[in-house]
Amino acid sequence: MTLQTFWPMLKKEFYEQYRTYRVLIAVIILLLLGLSAPIVTKLTPDLLSNLGGGIKIILPPQTATDALNSYLKNMVQLPALMIILLAMGCVADERSHGTAVMVLTKPVPRHVFVLAKFLAYALLLFAGTVLAAAGAYFYTYQLFSALPIGPFLVLNLALFISFVLLLAMTVFASVLFRNAIAAGGVAFAAFLALSILPALNATIAQALPSALFGSEMVTRLLAGTASVGDILWPLGFGIGFTVVVVVVACLVFQRQEI
Amino acid sequence: MSASEGIAIRCTGLSKSYGSAEALKGLDLTVPAKSIFGLLGPNGAGKSTTMKLLTRQIAPTGGQAWVAGVPITGQTVDVRRRIGYLSEQPAFYSWMTGYEFLNFVGELFGFALTVRRKRCVELLELVGLADAAKKRIGAYSHGMRQRLGIAQALINQPEVLFLDEPVSALDPIGRKDVLELLAQLKGKSTVFFSSHILADVDRVCDEVAVLDHGRLLAQASTQALKEQYAQPIITIELESDASVLSDLLLKESYVKQVEIKETRAYVLVSDLALAKQRLLALVVRAELPLLRYEVTLPTLEDVFVRLINEEPMEARK
């Protein structure tokens, strides 16, 4: 029954994302962030040199690594807000509007209801990340030089995992509250916690996928001097944490009144 | 036990509590298969709680219930495969068209594409939405949404159809249409519906149950309830003061009570058949100037009001 209902639920989520322009919004935002990073990095010295007032700012020549760091910074902040805004009502709105009742009085297991939403958004973020990465890679190659493909893929995988971790938290918050704004608030608090805690605790900092986004780690990755543990630990922890949050969200939803 | 064995729904000691508040207190109920069954009660009686329990929206805190022979808490066979449900205010994905929504519901039941197409077309025709099939649900009127709600509830040809206040928000024409639809289902599916519009229930239901404060007050056919809880009243109107009738009528063994209001006498009788034979003749023999003679049959509303008012105070706690 799970498989029989999962596909129609997933399909419905895709249609919904398409018809409500969520696909368009997510793709445009991520693609623009990906494309803009190398372009802005390239233009920054010219922009600064054209500043008036007699101030002369001398920047070292911009490189592909600078473009990559700019790309990672872009992809860490704005997409987080986008994820929260897109997904905060995914369960909460369905419960408050009554559409959840319509679906869950059919033979649809509750975990399928939650998983279909999570997977649909995860796939949207995957597609958006791929497009952003392709755009960023292409313009970095055009404007600077080619980035080593392996480390670039690892960093994008880490970005995607950090996206789905935040998505899982947003879906969980949406399960907890009938009000999308409340769910969004809690998800934003979780995002702030994920951003602040690494600065307070070194163990947490090394465990989260964002550990790979620091400029020092990026340099090591590009140079091929980062250890396998340095890479796998944050990726594995991010995936494991995401799975736990999604499973807890499903279990909580199982016990809730629709 | 299954619907084919004559029982569509059976509840034994079904209870639901929220903390110390008991929404449903040990409901024992049996609904015959293929009947149209009305669940009545004032606001807060436990009607919606019963509906939610039987459709697995919430879990009971006590007792058990079987719908179409399947326990509502069962894990191996899902009762939702065998039922249709329409909530009081049905909500849809407004970005879908009516056809798309029915097709989506058909997919959830695992119907093949050809079966889904056929069912969607049939049901849209049945509920009068064939012309609006490709229109977005967001543009549907309230009545159209209600009809689409009925269509989606019927897509799996349910053994038991649960309808929560299906007509209360509709205009008279919409109510008439929906009630006619329900009447068409008589003998095909069991229809279990709650309503506070008693005239509608009286019109279509074979059997009713009356709930109040989470307890079952009565369950019987509408006719049996009327006979048991509401007695017929005979109205006699004279051209002159009707007080002369009081002494005359109270001598009769079948007359229980007489109430005089100016030129009218309202006579409560214990044996309607005997009263019909003798009462009019009695008035004629007394040579009283008769203006009107009318037997008023009891309505379900009379039964409902009497049942609710008779409930002991301790039961309401």
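Parameters at a glance
Residues numbered from 1 in each chain as written. Chains lettered and ligands numbered in written order. Predicted model: local features only at pLDDT ≥ 70, side-chain atom pairs only at ≥ 80, totals over all residues. Heavy atoms only, no water. Contact = heavy atoms within 4.5 Å. Buried area = accessible area lost by both parts, 1.4 Å probe. Salt bridge = Lys/Arg side-chain N within 4 Å of Asp/Glu carboxyl O. Polar contact = N/O pair within 3.5 Å; in protein donor to acceptor, adjacent residues only side chain to side chain. Helix = DSSP H or I, 4+ residues; strand = E, 2+ residues; numbered from the N terminus. Pairing = 2+ DSSP bridges. Axes fitted to C-alpha atoms, helices over the stretch in contact; angles between N-to-C directions. Parallel < 35°, antiparallel > 145°, perpendicular 65-115°, else oblique. Nonpolar A, V, L, I, M, F, W, Y, C, P; charged D, E, K, R; others polar. pLDDT = per-residue confidence, 0-100. Buried < 20%, exposed > 50% of the residue type's maximum accessible area, 1.4 Å probe, protein only.

### Things to note about the interface of chain A and chain B
A common way to express how large an interface is: the accessible area buried when the components associate.
Move 1: With 28 residues of chain A in contact, the opposing surface of chain B contributes 28 residues.
Move 2: The contact between chain A and chain B buries some 2,400 Å² in all, and 61% of this surface belongs to carbon and sulfur atoms.
Move 3: When the area that chain A buries against chain B is broken down by residue, the three leading residues are A:Arg19, A:Met102 and A:Lys106, summing to 26%.
Move 4: Viewed at the interface, chain B and chain A are joined by 3 salt bridges.
Move 5: For B:Glu100, the salt bridge is made with A:Arg19, and the minimal N-O distance between the two is 2.7 Å.
Move 6: Remark: the boundary between chain A and chain B carries 15 residue pairs in polar contact (both at pLDDT 80 or more).
Move 7: With 9 residues, helix H1 (residues 2-19) of chain A is the largest single contributor of residues to the side of chain A that touches chain B.

### Some remarks on the sheet that holds strand S7 (residues 160-164) of chain B
Note: strands within a sheet are paired through backbone hydrogen bonds, in either parallel or antiparallel orientation.
Residue and element names in this part refer to chain B.
Move 1: Strand order in the open sheet made by the 6 strands is S6-S7-S8-S3-S9-S10, with mixed pairing throughout. Of all strands in the sheet, those bounded by a partner on one side alone are strand S6 (83-86) and strand S10 (215-221). Taking each pair of neighbouring strands and ignoring which way they run, the sheet shows an average axis angle of 15°.
Move 2: Direction of pairing for S6 relative to S7: parallel, over a ladder of 4 bridges. Bridge pairing in S7 links tyrosine 85 to phenylalanine 162.
Move 3: Packed on one face of the sheet, helix H4 (residues 142-154) meets S6 and S7 and runs near 165° to S6.
Move 4: Contacts between helix H7 (residues 222-229) and the sheet are confined to strand S9 (207-212) and S10, with S10 contributing the most and set at about 110° to the helix.

### Regarding the environment of A:Lys117
All names here are of chain A.
Move 1: Here lysine 117 lies in helix H6 (residues 110-143).
Move 2: With residues up to four places along the chain from it excluded, the contact list for lysine 117 reads Lys12, Glu13, Cys90, Val91 and Glu94.
Move 3: Only 2.7 Å separates the side chain of lysine 117 from the side chain of glutamate 94, close enough to count as a polar contact.

### Some words on the packing of H1(A) against helix H2 (residues 98-108) of chain B
Move 1: With their axes 8 Å apart at the nearest point, H1(A) and H2(B) run at an angle of 155° to one another. Here H1(A) lies roughly antiparallel to H2(B), going by the angle between them. Here A:Gln4, A:Thr5, A:Pro8, A:Met9, A:Lys11, A:Lys12 and A:Arg19 of H1(A) come into contact with H2(B), specifically with B:Glu100, B:Phe104, B:Glu107 and B:Leu108.
Move 2: Of the residues belonging to the contact of H1(A) with H2(B), the class tally is 4 nonpolar, 2 polar and 5 charged.

### Considering the confidence of the model for chain B
All names here are of chain B.
Move 1: Mean pLDDT over chain B works out to 88, with 95% of the residues at or above the 70 mark.
Move 2: Of all secondary-structure elements in chain B, the lowest mean pLDDT belongs to helix H11 (residues 313-316), at 46, while H2 reaches the highest, 97.
Move 3: Counted against residues more than four places away or in other chains, residues 313-317, with its pLDDT under 50, gives 10 contacts.
Move 4: Prediction confidence for the complex, expressed as pTM and ipTM, is 0.85 and 0.90 respectively.

### Some remarks on the pattern of salt bridges
Move 1: Inspection of the entire model under this criterion finds 18 salt bridges over all chains.
Move 2: Where A:Asp230 meets A:Arg220, a salt bridge forms, and the shortest distance between an N and an O atom there is 2.4 Å. Residue A:Asp230 is located in helix H11 (residues 228-255), and its partner A:Arg220 is located in helix H10 (residues 215-223); the two are separated by 10 residues in the primary sequence.
Move 3: With relative accessibility at 26%, the residue A:Asp230 sits in the partly exposed group.
Move 4: Residues B:Lys16 and A:Glu257 are paired through a salt bridge, measuring 3.8 Å at the closest nitrogen-oxygen approach. Here B:Lys16, found in strand S1 (residues 7-18), pairs with A:Glu257, found in the segment after H11, and the two come from separate chains.

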